[in-house]
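The chain contents come next:
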Amino acid sequence: YLNLSYSFLAAFFFYILTSVLPYKQTQKKIQPIIRQKINNIKTDVDSIILEFSRELSEQKNSNIFKNKEEIIRIMGSKTWTDFVPMWQTLYKKDISYIALISIYGTQIKTKSLEIIQLYKEYMESNQISDLELLANKKIFSLALQFYQMDISLDDPNGKAHLIDEFYDMYSLIRKIFQSCK
């Protein structure tokens with residue numbers, strides 16, 4: 001029985017050395033890459049808020065926006081079918097605010113699914129499920145529908161619903177980003 005015990009111990013240590021340690025080392029190296037990719041998504045969301053906050057009297061760095069009331073006020077201050085002035089100036093493109101959300105939404109969805117596809121074996125299950133939730137957020141499909149169909153956003157309840165959906169997405173990306181620390 002003693003020889004059998006030594007064999008099990010040797011096999012266990014061999015498993016640790018050949019499987020567990022290399023996996024942990026790779027995971028440690030990949031975590032900063034995952035964090036940076038999630039930060040890129042957070043930057044896309046912050047860019048949306050920044051564009052909505054431009055030309056307001058108290059324009060701030062978008063990283064400061066944290067509470068729902070401020071997001072509602074900033075996003076509610078714009079007519080979403082108006083063109084984004086910065087895009088007109090820099091890129092010479094007439095992009096409406098709703099189109100901006102749709103454009104960034106497509107990028108956010110693609111980036112989220114790419115992170116899952118490339119790094120899922122090195123991520124925690126809650127990170128994967130949160131990224132899947134992010135990729136399937138309603139704000140992206142709603143923005144795309146409003147943009148493509150050229151539907152009016154004059155109804156305050158409809159606009160408020162879109163802002164609520166945006167804030168849900170905003171809160172989720174903050175949660176995902178915090179889980180990567």
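It should be noted that the structure appears before, not after, this text.
Note that the structure is a prediction, hence the values are computed from the model and not measured.

Rules behind the numbers
Residues numbered from 1 in each chain as written. Predicted model: local features only at pLDDT ≥ 70, side-chain atom pairs only at ≥ 80, totals over all residues. Heavy atoms only, no water. Helix = DSSP H or I, 4+ residues; strand = E, 2+ residues; numbered from the N terminus. Rg over C-alpha atoms; globule rule 2.2 N^0.38 Å. Expected span 1.5 Å × (residues − 1). Bend = angle between axes of the 7 residues up to and from the residue. Patch = residues over 30% accessible without salt bridge, like charges linked within 9 Å, V, L, I, M, F, W, Y side chains within 5 Å. Areas by Shrake-Rupley, 256 points an atom, 1.4 Å probe, with all protein chains shown as cover. Salt bridge = Lys/Arg side-chain N within 4 Å of Asp/Glu carboxyl O. Contact = heavy atoms within 4.5 Å. Core = buried A, V, L, I, M, F, W, Y, C linked by side-chain atoms within 4.5 Å. Buried < 20%, exposed > 50% of the residue type's maximum accessible area, 1.4 Å probe, protein only.

Engineer: Would you explain the overall build of the chain in this entry?
Structural biologist: Scanning the chain from terminus to terminus reveals 7 helices and 0 strands. Listed N to C, the secondary structure of the chain is α-α-α-α-α-α-α in terms of helices and strands. Computed over the C-alpha atoms, the radius of gyration of the chain is 22 Å, more than 25% above the 16 Å expected from 2.2 N^0.38 for a compact globule of 181 residues. C-alpha atoms of the chain, sized along the principal axes, occupy 80 × 30 × 30 Å.

Engineer: When you look at helix H1 (residues 2–53) in this model, what are you seeing that I'm missing?
Structural biologist: Because each turn of an α-helix spans 3.6 residues, side chains separated by three or four positions in sequence point in the same direction. Counted at 1.5 Å a residue, the expected span for H1 with its 52 residues is 76 Å, and the 72 Å between its end C-alpha atoms agrees. Of all the bends found along H1, the most pronounced is centred on isoleucine 16 and spans about 35°.

Engineer: Can you help me understand a nonpolar patch on the surface in this one?
Structural biologist: A cluster of nonpolar side chains, Leu2, Tyr6, Leu9, Phe12, Phe13 and Tyr15, forms an exposed patch at the surface whose accessible area comes to about 680 Å². With respect to the helices, strands and loops of the structure, phenylalanine 13 is situated in helix H1.

Engineer: Would you take a moment to explain the side chain of lysine 78 for this structure?
Structural biologist: Locating lysine 78 in the fold gives a position in the loop between helix H2 (68–76) and helix H3 (85–91). When near neighbours in sequence (up to four residues on either side) are disregarded, lysine 78 contacts Glu51, Phe52, Arg54, Glu55, Tyr97 and Lys159.

Engineer: Looking at this structure, I do not really get the nonpolar core. What am I missing?
Structural biologist: The tendency in soluble globular proteins is for nonpolar side chains to be buried as a group. Met75, Trp80, Leu134 and Phe166 are the most contacted members of the largest nonpolar core, which totals 46 residues. Looking at this core, the elements that each hand over two or more residues are H1, H2, helix H4 (97–119), helix H5 (125–135), helix H6 (138–149) and helix H7 (156–179).

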